[in-house]
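Secondary and tertiary structure notes
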Amino acid sequence: MRRAPATGCALCGATWGDYRATVDGVEWSFCCDACARFYDLAVQRTKRETGWASVDRLFLDHVQGNEADGWAQGEGEEVTIHVSGSSDGSELHEYRVLSRSERAPGPRGTR
Ligand SMILES: [Zn+2]
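Okay, so let's go over this structure. (Residues numbered from 1 in each chain as written. Predicted model: local features only at pLDDT ≥ 70, side-chain atom pairs only at ≥ 80, totals over all residues.)

What follows deals with the environment of G17. Structurally, G17 is set in the segment before strand 1 (19-23). Look at G17 and you get partly exposed, because 13 C-beta atoms sit within 10 Å. For the pair formed by G17 and L60, sequence separation is 43 residues and the distance between their alpha carbons is 17 Å. Apart from residues no more than four positions distant in its own chain, G17 is found in contact with C9, F30, C31 and C32. (Helix = DSSP H or I, 4+ residues; strand = E, 2+ residues; numbered from the N terminus. Buried ≥ 20, exposed ≤ 12 C-beta atoms within 10 Å, placed from the backbone. Contact = placed C-beta atoms within 7 Å.)

Set out below in structure tokens:
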């Protein structure tokens, strides 16, 4: 099962900032406001694409410029995604689900 780092930005893992924002009723720590905005956009889009009522965790583990590969978990499933967006995080230009699978049973990611 994939794991996001326990510390650092909830979206990208960067540890240089501490910007707090609430997405879907859960408070997360981000490196900056751009990541916070994009996390919200990506979570909303993930719910639309997957039909999940909520997203437990979303993380971008490979960011290159304005494009990124990552994954999201919710309702016992996991998707891998490819996204692109504006550098200030206010727009989601592309969202593709690359794969979708059942999540292996185990401890849930920390919130
Ligand atoms: Zn970040």
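Further notes follow.
A few words now on helix 1 (residues 33-50). Two residues of an α-helix separated by three or four positions point the same way, owing to the 3.6 residues in each turn. Counted at 1.5 Å a residue, the expected span for helix 1 with its 18 residues is 26 Å, and the 26 Å between its end C-alpha atoms agrees. Within helix 1 the residues assigned to the buried category are C35, A36, R37, F38, Y39, A42, V43 and T46. Buried residues along helix 1 sit against strand 1, strand 2 (26-30), strand 3 (57-64), strand 4 (67-74), strand 5 (77-85) and strand 6 (92-102). (Expected span 1.5 Å × (residues − 1).)

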